[in-house]
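So the chains spell out like this:
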Amino acid sequence: MKEYVTTSLETHLFFARIMREHALFLLAAFPAGETEYRNKADWFRAQFEKALEQAVRLADGMVGEEVLCSGEVFTEFTEMAERQTRRLTKIPIDIRITQAEKKLHAGCGICRDRRMIQQVRRLNQNVRCLLNGLIAFKEKILQEVTVCNLYTANYPLLIEHILREAKLYHQIITELEEKGCMPSKNLKKAELFWNQIMMEHALFIRGLLDPTECELMKTADDFAGDYCRLLEEASKQDCRTMDELTRKTLETTKQYRDFKAAGTEGITGCEIRSVILPLLADHVLREANHYLRILKTKGEIGNGTVPISLSKQNPLFYNRSHTDSDCI
């Protein structure tokens, strides 16, 4: 049951935070008069915050160092982004959870008693139930928005995007509950999923930047084009011929992660004009870090975080060499 406990907790440390923030982004984007939708989004925010808090409490000494060092659980910007987003939106965010995550110790401990297994199982079952409700809620929002019965400041594509992520989280927890472990990873399937997520992040970033931020919009466009091409290439390959494409994806994602990190610093430092919430900037950075860890399973680069140079030479401020965005 060691793998069951460790993988469950590692999954919750990443995804429960992501779901909490999805609910927060939904809440922040509804008009003040949409009290039913706002209240429901806030309820899911609070419930996933409780689930994340429980996962953090159980995770000390039970999760791998590569996860804690990957930047997918928290980044150097997370606490500041939470404070700023709480101040700007007036939506509650328990920053103590991030502070507790910073104190977590790595180590896949041995489950010497059944209490840990039982607690993890209850957490998994609770999260599956919450995800069923959140998925249905997101589907209802998408349906109502697309028939013009509901207004939200979120793009319909963004709602589809966060719906897919919720379904992936549900699938992972379901497999853990039914099989006790994760099945062998299908890297091609993972790359197709996360390349689409990364491409859509670039499209959202471009659309949420102020029109005066021409260079950043251009760089976001370039990354969207890169991931569009990677998606097209991956769809034509089978699992036996993916190695070269995975190396290319890895290099692109490392550059993209650095762009997002520089962007998060710029937004939290009020140096970039946009309508991007600070926590949304940190959110997409954590997802890039998560994807890098998945790609690292091929052994192309070492574990651990990569130092980020946050200066005028960082990826926010240079022109990338190829600008072909015909896929978009």
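Colleague: Can you walk me through the overall build of the chain in this structure?
Modeller: Helix and strand counts for the chain come out as eleven helices and zero strands. Order of helices (α) and strands (β) in the chain, N terminus to C terminus: α-α-α-α-α-α-α-α-α-α-α. The 328 residues of the chain split such that 54% are buried. In the chain, once contacts between residues fewer than 6 apart in sequence are set aside, the share between residues at least 24 apart is 84%.

Colleague: Please clarify how the side chain of N124 should be interpreted in this entry.
Modeller: By the secondary structure assignment, N124 is in helix α6 (residues 114-146). In this structure the side chain of N124 is engaged in a polar contact, spanning 3.3 Å, whose partner is the side chain of Y4. Reaching out from N124, the side chain makes a polar contact with the side chain of S8 at a distance of 3.1 Å. The contacts of N124, once residues within four sequence positions are left out, are Y4, S8, H12, I173 and E177.

Colleague: Please explain the environment of D243 as it appears in this structure.
Modeller: Note on placement: D243 falls in helix α10 (residues 243-268). Measuring from C-alpha to C-alpha, the distance between D243 and K188 comes to 9.7 Å, with 55 residues separating the pair along the chain.

Colleague: How should I be thinking about the nonpolar core in this particular structure?
Modeller: In globular proteins that are soluble, nonpolar side chains generally tend to be buried together. One finds L13, M19, F48, F137, I141, Y169 and W194 to be the most contacted residues of the largest nonpolar core, which totals 100 residues. With 14 residues, the top contributor of residues to this core is helix α1 (residues 2-29).

Colleague: Explain the pattern of salt bridges here, please?
Modeller: Side chains that differ in charge, positive against negative, can pair when their charged atoms come close. Applying the stated criterion across every chain yields a total of 23 salt bridges. For the salt bridge of D221 with R206, the shortest nitrogen-to-oxygen distance reads 2.5 Å. On the criterion of sequence distance, the pair formed by D221 in helix α9 (residues 214-235) and R206 in helix α8 (residues 187-208) is long-range, its members being 15 residues apart. Owing to a relative accessible area of 27%, R206 belongs among the partly exposed residues under this scheme. Beyond isolated ion pairs, a larger network of salt bridges with shared partners links R17, R20, E21, D42, R45, E49, E82, E101, D282 and R286.

Colleague: How should I be thinking about unusual backbone geometry in this particular structure?
Modeller: Phi is mostly negative for residues that are not glycine, and the peptide bonds are mostly trans. Not every positive phi belongs to a glycine, and C148 is a case in point at roughly 60°. A positive phi angle, near 55°, is found at C270, a position not held by glycine. Note on placement: C270 falls in the loop between α10 and α11 (278-296).

Colleague: Explain the packing of α1 against α6 here, please?
Modeller: Axis angle and axis distance: for two packed helices, these are the angle between their axes and the distance between the axes, and together they describe the pair. As a packed pair, α1 and α6 sit with axes 11 Å apart at the nearest point and diverge in direction by 30°. Taken together, the axes of α1 and α6 lie roughly parallel to each other. Relative to α6, α1 is oriented so that their crossing is left-handed. For the pair α1 and α6, the contacting residues are Y4, V5, S8, L9, H12, M19, H22 and L26 in the first and M116, I117, V120, R121, L123, N124, V127, L131, L134, F137, K138 and I141 in the second. Within the contact of α1 with α6, the residues separate by chemical class into 14 nonpolar, four polar and two charged.

Colleague: What should I look at first to understand the packing of aromatic side chains in this one?
Modeller: Geometrically, a pair of aromatic rings is defined through the distance of the ring centres and the angle of the planes. Using the criterion set out here, one finds 14 aromatic pairs in the structure. Relative to W194, the ring of F193 lies with its centre 5.1 Å away and its plane at 80°, an arrangement referred to as edge-to-face. Using a relative accessible area of 3% as the deciding quantity, one classes W194 as buried. In this structure an aromatic cluster arises from ring pairing among F14, F15, Y169, F193, W194 and Y291.

Colleague: Before we go on, may I ask you to explain the side chain of T98 in this structure?
Modeller: Note on placement: T98 falls in helix α5 (residues 96-101). Judged by its relative accessible area of 0%, T98 falls in the buried class. Setting aside chain neighbours within four positions, we find T98 in contact with R17, F74, T78, E79 and E82.

Colleague: Explain the confidence of the model for the chain here, please?
Modeller: Any region with low pLDDT has predicted coordinates that should not be read closely. Here the chain averages 89 in pLDDT, while 87% of its residues score no lower than 70. In the predicted structure, residues 299-328 sits below a pLDDT of 50 and forms 64 contacts with residues beyond four places in sequence or in another chain.

Colleague: Explain the packing of α1 against helix α7 (residues 156-179) to me, please; I cannot follow it from the model alone.
Modeller: Packing of α1 against α7 leaves a shortest axis separation of 10 Å and a crossing angle of 155°. Here α1 is positioned roughly antiparallel relative to α7, judged by the angle of their axes. Remark: the crossing between α1 and α7 carries left-handed chirality. Residue-level contacts link Y4, T7, S8, T11, H12, F15, A16, I18, M19, H22 and L26 of α1 to I162, E165, A166, L168, Y169, I172, I173, L176 and E177 of α7. Per-class residue counts for the contact of α1 with α7 are 13 nonpolar, five polar and two charged.

Thresholds, definitions, all that
- Residues numbered from 1 in each chain as written.
- Predicted model: local features only at pLDDT ≥ 70, side-chain atom pairs only at ≥ 80, totals over all residues.
- Heavy atoms only, no water.
- Helix = DSSP H or I, 4+ residues; strand = E, 2+ residues; numbered from the N terminus.
- Buried < 20%, exposed > 50% of the residue type's maximum accessible area, 1.4 Å probe, protein only.
- Contact = heavy atoms within 4.5 Å.
- Polar contact = N/O pair within 3.5 Å; in protein donor to acceptor, adjacent residues only side chain to side chain.
- Core = buried A, V, L, I, M, F, W, Y, C linked by side-chain atoms within 4.5 Å.
- Salt bridge = Lys/Arg side-chain N within 4 Å of Asp/Glu carboxyl O.
- Axes fitted to C-alpha atoms, helices over the stretch in contact; angles between N-to-C directions.
- Parallel < 35°, antiparallel > 145°, perpendicular 65-115°, else oblique.
- Left-handed = near helix turned anticlockwise from the far one by under 90°.
- Nonpolar A, V, L, I, M, F, W, Y, C, P; charged D, E, K, R; others polar.
- Phe/Tyr/Trp six-rings, centres within 6.5 Å; stacked < 30°, edge-to-face > 60°.
- pLDDT = per-residue confidence, 0-100.

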